[in-house]
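One letter stands for each residue in the lines below.
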Amino acid sequence: MTNNFSADIPAIWAKEQQAVFYKQNVAIQVCDTSFKSQMTFWDTLNRPYRSTDEVDQYVRGTDIVIDDKTDTNEQLIVNQQYANGFYVDEFDEMQSAYDLAVSYGKDNWEYLSNQVDAVVLWEYASAWSTVDDGTIWGTGGNGITLTASNLLKTVSAVKKKLRKNNIPLWELKAVVSPEFEEILIQYWAEKATPLWDDITKQGSFYRLFDFEFYCSNQLSASATLALGTNPTNGDTVTIAWQTFTFVSSIGTTAGNVLIGWDVDATRANLATLINAPSTTTANWVALNDKNTLRKFKNNVTATNDDTANTLLVVQKWIGKVEVAESLTAWADVWTTTKQKQYNLFMKKGAIALVVQKTPTIKVTQPAKKFGQNFLNAVLFGVKTFNDGAKKLISVELNSSTY
């Protein structure tokens, strides 16, 4: 005889849903947020800088040359606006084992806050100075392959650049990747000294050469595609997990790129699709996945270079641009030494941030529905002014193996 008690065994639901792990934000710790009090209502902050002149030798009894002075204005414009939202039916909320509005509301708040950080860390391009492989006696223009052996050389080069810019060396901050942090830990661990014992106890290995280190998963990154030969029908490149297919007849498949009359035209078609991913034309087919579209619209840009026969792709928010290719021409590849990750070293306040509207849920009642919309949005502006640019150093690491 076989017993069957399956009807008596209850299905048990956990008291809480699984955890969602969010990226950690650093913008407030490193930015200048002091302008917020002046920007309660307005959308533009004007901040001029003065011209400079060298001194002249003075000859007694002669006229001193009177210099003309010129002020140049720069503006922080509060024009970065992002939003998200979701709907919860009242019956679903009533019968669900979980508080859906609270759970998804927290997720959306974190995603918007992450986007603020991503835009702030995009300011690497505004840095007055960079430190790359050439700075530490390697090949100029290439990313640094960071190791415990060249860590001090890299960070000391940053400090030298700040000195050369006449920047006072206090309140120094560094926003680095987990890969950079790993090397930092290895460097201190290899010391095996009483100092290391004290550092590990205090957790202060995040300081080196007066820099206070913050770890972020939201650094900007880039990759450079060498594309000097017109692709063959069916060749592909993959950027940020999206495949783009070069075709001789455009078709309807998302990500198709028409092969032009020469390679420059083809490369331009690809760049334009990346920069306008929701638009379909005779030369390319728009992306159609919701989240992929948002990723490209918000965080990915491409620059075509007909002279160098390259396509530069830069992505916010990720730390590394995931790329691949299946191109017929053997020389057309993603150049490994040009796959870069941009770590930021600065004097605190180098980047100005004004958040006029922090992420805050707004609940609305949609017509003819027995539930509620939960809407969230953020409004902010970011600017690296001329004086801030001198306080900011971009450290370019080789990210090809990350």
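From a predicted model like this one, the values you see are computed outputs, not experimental measurements.

**Points about the overall build of the chain**
Then, number 1: The helix and strand inventory of the chain stands at 9 helices and 21 strands.
Then, number 2: Here the C-alpha coordinates of the chain stretch approximately 115 × 60 × 55 Å along the principal axes.
Then, number 3: In the chain, buried positions account for 44% of the 402 residues.
Then, number 4: For the chain, long-range pairs separated by at least 24 residues make up 73% of all intrachain contacts whose partners lie at least 6 apart in sequence.

**Some points on the sheet that holds strand E12 (residues 242–247)**
Then, number 1: The sheet built from 4 strands is open, its strands ordered E13-E12-E11-E16 with mixed pairing. Only two strands of the sheet have a single partner each, and these edge strands are strand E13 (256–258) and strand E16 (323–326). Going across the sheet, the axis of each strand differs from the next one's by a mean of 20 degrees, ignoring polarity.
Then, number 2: The pairing of E12 with E13 spans 3 bridges and is parallel. Bridge assignment links Val247 to a residue of E13, and that residue is Leu258.

**Description of the pattern of salt bridges**
Then, number 1: Summed over all chains, the structure comprises 8 salt bridges.
Then, number 2: Across the pair Asp387 and Arg47 runs a salt bridge, and its minimum N-O distance is 2.8 Å. Here Arg47 lies in the loop between strand E1 (44–46) and strand E2 (49–50) and Asp387 lies in helix H9 (residues 386–390), a separation of 340 residues in the sequence.
Then, number 3: For Arg47, a relative accessible area of 28% corresponds to the partly exposed category.
Then, number 4: In this structure, Glu110 engages Lys106 in a salt bridge whose closest nitrogen and oxygen atoms are separated by 3.2 Å. Of this pair, Glu110 and Lys106 both sit in helix H3 (residues 100–121), separated by 4 residues, roughly a single helical turn.
Then, number 5: Under the relative-accessibility criterion, Lys106 is labelled partly exposed at 44%.
Then, number 6: What emerges from the salt-bridge pattern is a single network uniting Asp264, Arg267 and Asp306.

**Brief notes about the packing of helix H4 (residues 151–164) against helix H5 (residues 178–189)**
Then, number 1: Running from N to C, H4 and H5 point in directions that differ by 115 degrees, and their axes come no closer than 11 Å. On the basis of their axis angle, the class for H4 and H5 is roughly perpendicular. Residues Leu151, Leu152 and Val155 of H4 touch H5, and the partners they reach there are Phe180, Ile183, Leu184 and Tyr187.
Then, number 2: Each residue belonging to the contact of H4 with H5 can be placed in one class, and the counts come to 7 nonpolar, no polar and no charged.

**Topic: the packing of aromatic side chains**
Then, number 1: Applying the stated criterion across every chain yields a total of 14 aromatic pairs.
Then, number 2: With centroids separated by 6.4 Å and ring planes inclined at 70 degrees, the aromatic side chains of Tyr22 and Tyr111 adopt a geometry described as edge-to-face. Here the residue Tyr22 occupies a position in the segment before helix H1 (27–30), and Tyr111 occupies one in helix H3, the gap between them amounting to 89 residues.
Then, number 3: Taking 5.3 Å as the distance between ring centres and 70 degrees as the angle between the ring planes, the aromatic pair formed by Tyr187 and Trp188 counts as edge-to-face.

**Things to note about helix H7 (residues 263–275)**
Then, number 1: Its 13 residues give H7 an end-to-end C-alpha distance of 18 Å, which sits within 8% of 18 Å, the value for a rise of 1.5 Å per residue.
Then, number 2: For H7, the secondary structure elements touched by its buried residues are strand E11 (236–239), E12, E13, helix H8 (290–299), strand E14 (300–305) and strand E15 (310–315).

**Section: the environment of Val285**
Then, number 1: Its location among the elements puts Val285 in the loop between H7 and H8.
Then, number 2: When its relative accessible area of 8% is taken as the criterion, Val285 is described as buried.
Then, number 3: A sequence separation of 27 residues divides Val285 from Leu258, and the C-alpha atoms of the two residues are 8.8 Å apart.
Then, number 4: Not counting the four nearest positions on each side in its chain, Val285 is found in contact with Ile250, Gly251, Thr252, Thr253, Ala254, Gly255, Asn256, Leu273 and Thr280.

**So, the state of the cysteines**
Then, number 1: Tallied over the entire structure, the rule returns 0 disulfides.
Then, number 2: Unpaired in this structure, Cys31 has its nearest cysteine sulfur neighbour in Cys215, at a distance of 17 Å.
Then, number 3: Taking the relative accessible area as the measure of exposure, Cys31 reaches 4% and is therefore buried.
Then, number 4: Given a relative accessible area of 26%, Cys215 falls into the partly exposed group.

**Examining a nonpolar patch on the surface**
Then, number 1: Taken together, the side chains of Tyr58, Ile64 and Ile66 make up a nonpolar region of the molecular surface, amounting to roughly 390 Å² of accessible area.
Then, number 2: With respect to the helices, strands and loops of the structure, Ile64 is situated in the loop between E2 and strand E3 (71–72).
Then, number 3: Judged by its relative accessible area of 59%, Ile64 is exposed.

**As for H8**
Then, number 1: Listing the buried residues of H8 in full gives Thr292, Leu293, Lys295, Phe296 and Asn299.
Then, number 2: Looking at the buried side of H8, the elements it contacts are H3, E11, E12, H7, E14 and E15.
Then, number 3: Of the residues that open H8, the one with a side-chain oxygen 3.3 Å from the backbone nitrogen of Asn291 is Asp289.

**Some thoughts on the side chain of Ser113**
Then, number 1: Within the secondary structure, Ser113 is located in helix H3.
Then, number 2: Here Ser113 falls in the buried class, since its relative accessible area comes to 10%.

**Description of the confidence of the model for the chain**
Then, number 1: Averaged over every residue, the pLDDT of the chain is 94; the share at 70 or more is 96%.
Then, number 2: Segment residues 201–205: pLDDT under 50, and 6 contacts once partners within four positions in sequence are set aside and those in other chains are kept.

Rules behind the numbers
Residues numbered from 1 in each chain as written. Predicted model: local features only at pLDDT ≥ 70, side-chain atom pairs only at ≥ 80, totals over all residues. Heavy atoms only, no water. Helix = DSSP H or I, 4+ residues; strand = E, 2+ residues; numbered from the N terminus. Buried < 20%, exposed > 50% of the residue type's maximum accessible area, 1.4 Å probe, protein only. Contact = heavy atoms within 4.5 Å. Pairing = 2+ DSSP bridges. Axes fitted to C-alpha atoms, helices over the stretch in contact; angles between N-to-C directions. Salt bridge = Lys/Arg side-chain N within 4 Å of Asp/Glu carboxyl O. Parallel < 35°, antiparallel > 145°, perpendicular 65-115°, else oblique. Nonpolar A, V, L, I, M, F, W, Y, C, P; charged D, E, K, R; others polar. Phe/Tyr/Trp six-rings, centres within 6.5 Å; stacked < 30°, edge-to-face > 60°. Expected span 1.5 Å × (residues − 1). Disulfide = S-S within 2.5 Å. Patch = residues over 30% accessible without salt bridge, like charges linked within 9 Å, V, L, I, M, F, W, Y side chains within 5 Å. Areas by Shrake-Rupley, 256 points an atom, 1.4 Å probe, with all protein chains shown as cover. Polar contact = N/O pair within 3.5 Å; in protein donor to acceptor, adjacent residues only side chain to side chain. pLDDT = per-residue confidence, 0-100.

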